Structures are given as structure tokens and as C-alpha cells.
Amino acid sequence: MSRSNRLVKSADFRKVYKAGRSYSSPLMVAYARSNSDESAVARFGIVASAKVGGAVKRNRARRQIREALRTLRNLSTSKPVDVVLVVRKPCTLAEYADIVNALRYLMARCGMIEDHHDTCNPAQRIR
RNA sequence: GCAGAGGGUUGGGUGGUCGCUGCAGUUCGCUGCAGAGGAAAGUCCGGGCUCCAUAGGGCACGAUGCCGGAUAACGUCCGGGCGGGGCAACCCGACGGAAAGUGCCACAGAAAUGACACAGCCGCAGAAACGCGGCAACGGUGAAAUGGUGCGGUAAGAGCGCACCGGCGGUGUGGAGACACAUCGGCCUGGUAAACCCCAUUGGGAGCAAGGUCAAAGAAGAAGGGGUUGAUGCUGCCCGCGGACCCUUCGGGUUGACCGCACGAGGGAUCGGGUAACCGGUCUCCCAGAGAGAUGACCACACAAAUACAGAACCCGGCUUAUAGACCCUCUGCAACC
RNA sequence: GAGAGCAUAGCUCAGUCGGUAGAGCAACGCCCUUUUAAGGCGUGGGUCCUGGGUUCGAGUCCCAGUGCUCUCA
């Protein structure tokens, strides 16, 4: 994920929280806001607060979500939408496959995946 | 074999596909190399480095505290002494000073450090109550009661005398020293210094968002206060150095790049010195470095299994705390066998 | 990165210099009242955050840790 595809500034995060819609799953919460700028692309920001765990747990969750976004990018439309993904505590214990499923569900709700046939919330194993 | 003591190593490996960060090369397609820890953690100490005076003096305040050594330095480490625990291997110890001074020692008790004497014992006097004098052994209290035990001694007693033990002081011997041993003296001194304190040693302040270079932009803006009779650096005060700005409120601009910043009290091997911590020589290696912050996903193989605690942010030396599993070395006691 | 503070009854807080832990509200019981509230009387309730240490004795002093809150940049 290159720099232009990331949300960086705290002002960007505030905009998304304030103006966006939110969708939740047990593993994470997504805030989405479509960007009306001319040259805008889809951008993502991942938030893992100190409540989730220590540095290792937060890093691991962030990396797995980033990998999931990379694999799902082929299916997604290139709508200019800013998405903030807030990590919830069970995510640090979840399997990678569950994170992919959760993320696919959330992106469909955001309207970033057009194919809707498997958008029902999948049963997620949480150890 | 059982039980135990001390110390160390490791914390996953190999191959493949896609992806991330840095460096080097590049025909700009890509290729090659490298890529978290023993604690990276807590921030409890000590340094390096940078700026403030080349880091200065005094008081205050803090830290350390048996002795010797190691070290850049330390509250760390090594060796030794002393005290305590354990059959032992071994472990633990804030381990200077209580005859410099002050404070405190609840309750109980006659009495808690100033001396005294409740019950009691003994002598004299007396019909008796009791009075005068001597005593601190015995009683009970307490965490702690003015050296302990025994013998002598006495009216009753008492280091009053003697022996042994303990403590203190002097002298001598050994040792670098802490200290140990010997000998002499006389019995005079409860605990608490993680209470104040005394003694010795030691500590200047701030921190890489330190500090520096370049570029861009805006208003070197307005009001109030302080200031060459000394602002500020500089922490509490005084001295000393330095010498012109500083503080508050309102309003405005920027939200960049580079250096610091990855070669270091560095790692590995080996030789020498030292009981050891450690030091020195030679050879060899270059080994993460961002600026919202790089290690993830999947598959295969062997294995009992891949599972613990946990993620560098200026850098080192320690301490402390967390930690699944695996492996190794040395030693002690008991039992059995030879 | 640098620093500061707090933790005591169900809740909010006291506790000077070490001597054996309280106050208000709440809870429970009784009285008062036709009843409730208010009022009066009484009662119970504590790992003083955790683990070591100093001391005869620690909520208090010292060391290490845990959790929470805050400040500066």
C-alpha cells in the first residue's frame, strides 16, 4: 500500500469520523466517507489503540489487515472512498481467514465491492 | 536412582510463491544484499553526545555507606571479611557511627534511660500501727529491665571477690585492609539512624522534539508588564561569569528538506597477563534504521510440538520485572551395587 | 522522550511525629407515623492495591511491582 493510498493526517481521520457512515463487525469497525476531490483515490487508515493490547499485538493486527486489503484490492472498485478501520480486541486472537472475511463484509457494506453474493456476515471463529 | 544447589546456551530450521523497508547496481523492465530482543519492556541507576561559561565557589538539598579491586562511570561486577540460614553443595544481608547531641519507646509495669524502689528481704527500736537505716538477689509486667552461669562472701545483699563466657578499652602479632589471634585492664555505657542527625565519599542544569544547516511563507504585528540601578542563561539562595532582551494576552504565517543517525567503551576467533571481574596484542567482520513508523499471508519437509514473554526510535554499561519448551556443565546429601 | 500524583467500608473521603482505622451517605433492625419521607436510637460491614524489608509493632518508613489519572515537549 503506497503512501497515496493511506490516510496520514489526523485531520483526515477526523473528517472520516465526523462525516462518514460506520459499519461494524465483531473484529473491527469501519468508517467510510466518499471523497469528492477531482484526483481522489481510495484511501485506508488502520487504527489500533492501546486498549487492544501491547505493541506486538497491535502490529500483528495491523499487518494482517494490510495483507487482507492487498488481496481484496483486485475485487474492489476504485471508488474514491476514505475508510478508517478501527481494530477491536478480538481481532488480535483471530485467524487470518476470519479477518479477510470480516473485511470483505465491511467493504461490501461500504460499497467498495460490487459483487454482493457472499456479503452475509460470515460465522467468525473467535478463540 | 531419588532429593537438591549453582551456572550457561537456545527461544526455531530448510526450500518455494506473492508482498513491505533500507542500501548498492541498473539496459529503468528489474536484479542482488541486509532487515527487531534477551529482555528491544519498566525508566530504577550510571556514562557518552549536544547546548547552556573551558562547568566555577559556598550554603541548602539529594544519593551512596564492611574492606580491597575492576571500570568511561555506577546504586553494577569480582575477590575477601563479618553476621545469619541450611546435614551439605550453597544461599541471604541498606553491613559506618547509639560513650557528639536531640527525639521516640503505646499498653502493661515500681521503674523505659533522668534516676528511682511497688510488693519484698535484712538490721535496730517498739505492745502494735509503724518509724529509722541497709539492699536490689527474688516476684510479676513487657518486644526490651542496667552483663550471664557457678562458687565464695554477708545481718540481708551487691562484680564485693574469684573462675568461665560475652561486651568494651589498651598493647602486641599477622594482614594491603575489613578483620583475626594473643595478652593486660577494670565492669562504666538498653533499643531505634529504612527518626532527626554526625562522619566519609559523591552529584552543575537541561535533554536528539538536544543541537545545527538550507528553503518557503507571513505583519522583525498590536496591547500590557519587567529590564544596562542587570532581562536571561541558572534549578532554592548568595557569590562569580556573561550582557539585551524577556513574560502574558490578542492576531497572523509555516506544518518542508538535510545533518545529528547507525564504525561503536562494537561483534567473532585466537594468544598473553590476572584467583576473578577485567585488561592488552594480533587477525577478521560491517551487522536494522523509519518519521503515523518496515518482518505479513500461503504451501512443503523433518520433529512430540511450533505454542512463552514480547517490537528498535540518539547510543552504550548495568539493575529490575515478564518468559512455554528444549539442551548442556559443575557440585551436594541419601540409597543401592562394584 | 521527560516528569508528577492517586489507590483506605457498597460510594465520596479523613487518618499530624509509626502505637493496632474513622466521618458522611448507603444497608439492616427498632422507635415515631394510618403509611411513606424526614427525624431519633442502635448494629453489621475493611486483604488499608500487591509482594518483600526495617521495627517489639507499618495504613504511615524503605524497596520492587500492578492499575488509574494528569502535566510538559
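This one's a predicted model, so the numbers in the text were calculated from it and none came from an experiment.

(A) Seen up close, the pattern of salt bridges. For the structure on display, the rule yields two salt bridges. Put simply, Arg43 and Asp82 hold a salt bridge, and the shortest N to O gap is 3.1 Å. Taken together, the positions of Arg43 in strand E3 (residues 43-47) and Asp82 in strand E4 (residues 81-87) put the pair 39 residues apart, joining distant regions of the chain. Relative accessible area serves as the criterion here: at 3%, Asp82 is assigned to the buried category. One salt bridge connects Glu67 with Arg70, and the closest N-O pair in it is separated by 2.9 Å. Linking Glu67 with Arg70, this pair stays in helix H2 (residues 55-72), spanning three residues, or about one helical turn. Classification of Arg70 as partly exposed rests on a relative accessible area of 48%.

(B) A look at the sheet that holds E3. With mixed pairing, the four strands of this open sheet are ordered in space as E1-E2-E4-E3. Two strands in the sheet have a free side with no partner beyond their single neighbour: strand E1 (21-24) and E3. Taken over all neighbouring pairs, the strand axes of this sheet differ in orientation by 20° on average, direction set aside. By the bridge criterion, four bridges tie E1 to strand E2 (residues 28-34) in an arrangement that is antiparallel. Of the residues in E2, the one forming a bridge with Ser22 is Tyr31. Sheet strands in contact with helix H3 (residues 96-110) are E1, E2, E3 and E4, and its direction is about 30° off that of E2.

The rules behind each value
Residues numbered from 1 in each chain as written. Chains lettered and ligands numbered in written order. Predicted model: local features only at pLDDT ≥ 70, side-chain atom pairs only at ≥ 80, totals over all residues. Heavy atoms only, no water. Salt bridge = Lys/Arg side-chain N within 4 Å of Asp/Glu carboxyl O. Helix = DSSP H or I, 4+ residues; strand = E, 2+ residues; numbered from the N terminus. Buried < 20%, exposed > 50% of the residue type's maximum accessible area, 1.4 Å probe, protein only. Pairing = 2+ DSSP bridges. Axes fitted to C-alpha atoms, helices over the stretch in contact; angles between N-to-C directions. Contact = heavy atoms within 4.5 Å.

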